[in-house]
Amino acid sequence: MAKKLPTLIFWAIALFVTAIFCWILGDIIWHGVGQLSWKFLTTAPRNAGREGGIAPILISTCLILGVCMAVSLPLGIGTAVLLAEFTTTESIFSLLIRRSLDVLAGVPSIVFGLFGNAFFSIKLGLGFSILSGGLTLACMVLPILIRSAEEGFRAVPVEYRLGAAALGLSRTTTLWKLLLPAATPGLIVGLVLGIGRAIAETAALIFTSGYVDRMPESLLDSGRSLSVHIFDLSMNVAGGDANAYASALVLLILLLLVNGIATWIAQFLLAGRITS
């Protein structure tokens, strides 16, 4: 019995966490599904968000996420390749980079928001804009993405590299045709975690992308994300709970869709290269 006790404790914790998640998910679905409709998804909010839909909010959210991923993906994968393939784990440079990434991963989002406001919005003159919000989120996502991608590259067996060297393949060809597809699981983990943090972020976007709920015309326009919209309806708008629940349900659906699409694209594009 004593040997089974740790297993029972772990299962109890897992079931407890799962039950809490199901309770929260069920509450959101119960209160939000009745508000969902095509009109809700395609019209602009009215009366401070109590009425109307979330069309401009959805567009702003997708644009902010697009800027974030467009900046963080190449930087994150490139840095992971540098740390995993071109530096040793004992070098001072790699140790400093890893410790810095670990510290940044634990920094509260409000600190990133203040940094984004001071640097992107004020110093660079971008103001409260979708571009400022996306760049700030990219700074938040990079530590998670880099560390996950690096672990993915380090998990590739060394025999892959030795075999490629024996065949006379260049480092670029080895990286692109062999190591990158083999490290796909780590890349997907980092991508999914990064998207999850970016799409649900609130504090950082209040100080960078702003509160404006109109349809954005460019990346330099202010735009309200879904998470900020939910926060505003639930905390600042009396009678906005119904639309807040519906917006939260849309956010969950959008998160699942984006994660699913990202995973499918990564597997489709990269998994085939290792066999070709």
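The coordinates are above.
Below is a short write-up of the structure. All values reported here derive from a predicted model rather than from experimental measurement.

What counts as what
- Residues numbered from 1 in each chain as written.
- Predicted model: local features only at pLDDT ≥ 70, side-chain atom pairs only at ≥ 80, totals over all residues.
- Heavy atoms only, no water.
- Helix = DSSP H or I, 4+ residues; strand = E, 2+ residues; numbered from the N terminus.
- Contact = heavy atoms within 4.5 Å.
- Core = buried A, V, L, I, M, F, W, Y, C linked by side-chain atoms within 4.5 Å.
- Buried < 20%, exposed > 50% of the residue type's maximum accessible area, 1.4 Å probe, protein only.
- Phe/Tyr/Trp six-rings, centres within 6.5 Å; stacked < 30°, edge-to-face > 60°.
- Salt bridge = Lys/Arg side-chain N within 4 Å of Asp/Glu carboxyl O.

As for its position among the elements, Leu 179 is in helix α8 (residues 171-182). Separated by 98 residues in sequence, Leu 179 and Val 81 place their C-alpha atoms 9.7 Å apart. Residue contacts for Leu 179: discarding those within four places in its chain leaves Glu 85, Phe 153, Val 156, Tyr 160, Arg 161 and Thr 174.

The next point concerns the nonpolar core. Counting residues in each nonpolar core, the largest one holds 33 residues, and the members touching the most others are Ile 54, Leu 65, Cys 68, Met 69, Leu 137, Ile 195 and Leu 226. Going through the elements one at a time, α3 (55-85), α6 (130-154), α9 (184-199), α10 (203-206), α11 (226-236) and α12 (241-270) are the ones with two or more residues in this core. With eight residues, the single largest contributor to this core is α12. In this view, Leu 226 contacts Ile 54, Ile 57, Leu 58, Thr 61, Ser 247, Val 250, Leu 251 and Leu 254; residues no more than four positions away in its chain are not counted.

This brings us to the packing of aromatic side chains. What the rule picks out here adds up to three aromatic pairs. Seen from their ring centres, Phe 115 and Phe 119 are 5.7 Å apart, and the 10 degrees between their planes marks the pair as stacked. Here Phe 115 and its partner Phe 119 are both found in helix α5 (residues 109-123), four residues apart, which amounts to about one turn of the helix. Residue class for Phe 115 comes out partly exposed when judged on its relative accessible area of 40%. Ring geometry for Phe 119 versus Phe 120: centroids 5.1 Å apart, planes at 75 degrees, classification edge-to-face. One aromatic cluster in this structure is built from Phe 115, Phe 119 and Phe 120.

Moving on to the pattern of salt bridges. The full count for this structure, using the stated rule, is seven salt bridges. Of the charged contacts in the structure, one is a salt bridge between Arg 147 and Asp 102, with a shortest N-O distance of 3.2 Å. Linking Arg 147 in helix α6 with Asp 102 in helix α4 (residues 92-105), this pair joins segments that are 45 residues apart in sequence. The closest approach of N and O atoms between Glu 150 and Arg 154, which form a salt bridge, is 3.1 Å.

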